[in-house]
Amino acid sequence: MSKLFHSACKAARSLIASSSAPAPRAASSLLADGRNAALATLANLGRNSTLPAAYAHHLHTNASSHGYAWIAAIPAAAYMLQDQDVHAAEMERTFIAIKPDGVQRGLISEIVSRFERKGYKLVAIKLVVPSKQFAEKHYHDLKERPFFSGLCDFLSSGPVLAMVWEGEGVIKYGRKLIGATDPSKSEPGTIRGDLAVVVGRNIIHGSDGPETAKDEIALWFQPKELVSYTSNEEKWIYGVN
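Criteria and thresholds
Residues numbered from 1 in each chain as written. Predicted model: local features only at pLDDT ≥ 70, side-chain atom pairs only at ≥ 80, totals over all residues. Heavy atoms only, no water. UniProt positions renumbered as here; feature names shortened; annotations may be inferred. 1 Å grid on protein atoms, 1.4 Å probe; cavity = no way out; pocket = protein on both sides within 12 Å on 5 of 7 lines; lining within 4 Å. Points joined across faces, edges and corners; volume = space filled by probe spheres on them. Helix = DSSP H or I, 4+ residues; strand = E, 2+ residues; numbered from the N terminus. Nonpolar A, V, L, I, M, F, W, Y, C, P; charged D, E, K, R; others polar. Buried < 20%, exposed > 50% of the residue type's maximum accessible area, 1.4 Å probe, protein only. Contact = heavy atoms within 4.5 Å. Axes fitted to C-alpha atoms, helices over the stretch in contact; angles between N-to-C directions. Parallel < 35°, antiparallel > 145°, perpendicular 65-115°, else oblique. Left-handed = near helix turned anticlockwise from the far one by under 90°.

- The chain goes by Nucleoside diphosphate kinase in an unreviewed UniProt entry, where it is assigned to Triticum aestivum.
- The UniProt entry for the chain carries this comment under Sequence similarities (unreviewed entry): "Belongs to the NDK family."
- Listed in UniProt under the heading Subcellular location (unreviewed entry), the comment for the chain reads: "Plastid, Chloroplast thylakoid lumen".

1. Thoughts on the layout of surface pockets
Right, on to step 1. By volume, the largest pocket amounts to about 670 Å³.
Right, on to step 2. Lining the largest pocket we find 26 residues, and of these Y139, D141, L142, L151 and H205 sit closest to its centre.
Right, on to step 3. For the lining of the largest pocket, the secondary structure elements donating two or more residues are α7 (132–138), α8 (148–155), β4 (204–206) and α11 (210–220).
Right, on to step 4. Among the elements that make up the lining of the largest pocket, the one with the highest residue count is α11 (four residues).
Right, on to step 5. Residue classes in the lining of the largest pocket are distributed as seven nonpolar, nine polar and 10 charged.
Right, on to step 6. As a volume, the second largest pocket reaches approximately 180 Å³.

2. Examining the UniProt feature "binding site: ATP" (unreviewed entry) in the chain
Right, on to step 1. Annotation from UniProt places "binding site: ATP" (unreviewed entry) at K99, F147, R175, T181, R192 and N202. Of the annotated set named above, K99 line the second largest cavity.
Right, on to step 2. Overall, the relative accessible area of 35% leaves R175 in the partly exposed class.
Right, on to step 3. Apart from the residues within four sequence positions on either side, R175 is in contact with G206, S207 and D208.

3. Remarks on the packing of helix α6 (residues 108–118) against helix α9 (residues 170–178)
Right, on to step 1. Here α6 crosses α9 at 135°, and the two axes come no closer than 11 Å. Overall, the two elements α6 and α9 adopt an arrangement that is oblique. Regarding α6 and α9, the two cross each other, and that crossing is right-handed. Mapping the contact onto sequence places R114, F115 and K118 in α6 and Y173, G174, L177 and I178 in α9.
Right, on to step 2. Residue composition of the contact of α6 with α9, grouped by class: four nonpolar, one polar and two charged.

Listed below in structure tokens is the structure:
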């Protein structure tokens, strides 16, 4: 869509910028290109959106003064939906789990509130006691490490609050909110930096990348457990109108 948008706008700007009448052949070719771009835009995006007021006024005024009234038909969708597409493309999901120590210490509301205050959206949550076999699947990438068995024993030792959070940059920034694996190396203000002391009891887990997030969400949740919805706060967080 953005290519189509840029094509249409480039043609429109070229026409508007031409204050003197071009040679007949050049004018005909430019007009045809512009019309085609506008018609393609209309066909793909429809006629229901409107351009931002300032841009629309500028476009209508200049288009009319140069005899290119058809340019006004280029819909707002080419301008507005471009940003919405970028917004949608940047939305992602990550898996976050409050480990047994975080649950037992009563830190659920504290941790959840930090993600909420940041502006991320909770789309799945459940309290489970995973089996050791399940924990081994979760930590499968660490199975060659000497602490693997103990890590799995701990994850399966009590309730775990499994969650999926959604938002722009939530995977990378979610890790920043959590802090370094070793709480003693975590910055103040992070979850581990503020609430944990030693590596073996670092209270929370977060996916470390897009592929890991995808795999962990699929491991802990069934597709029907994931909810898709628009939060009333999103327009204040992302500026989507």
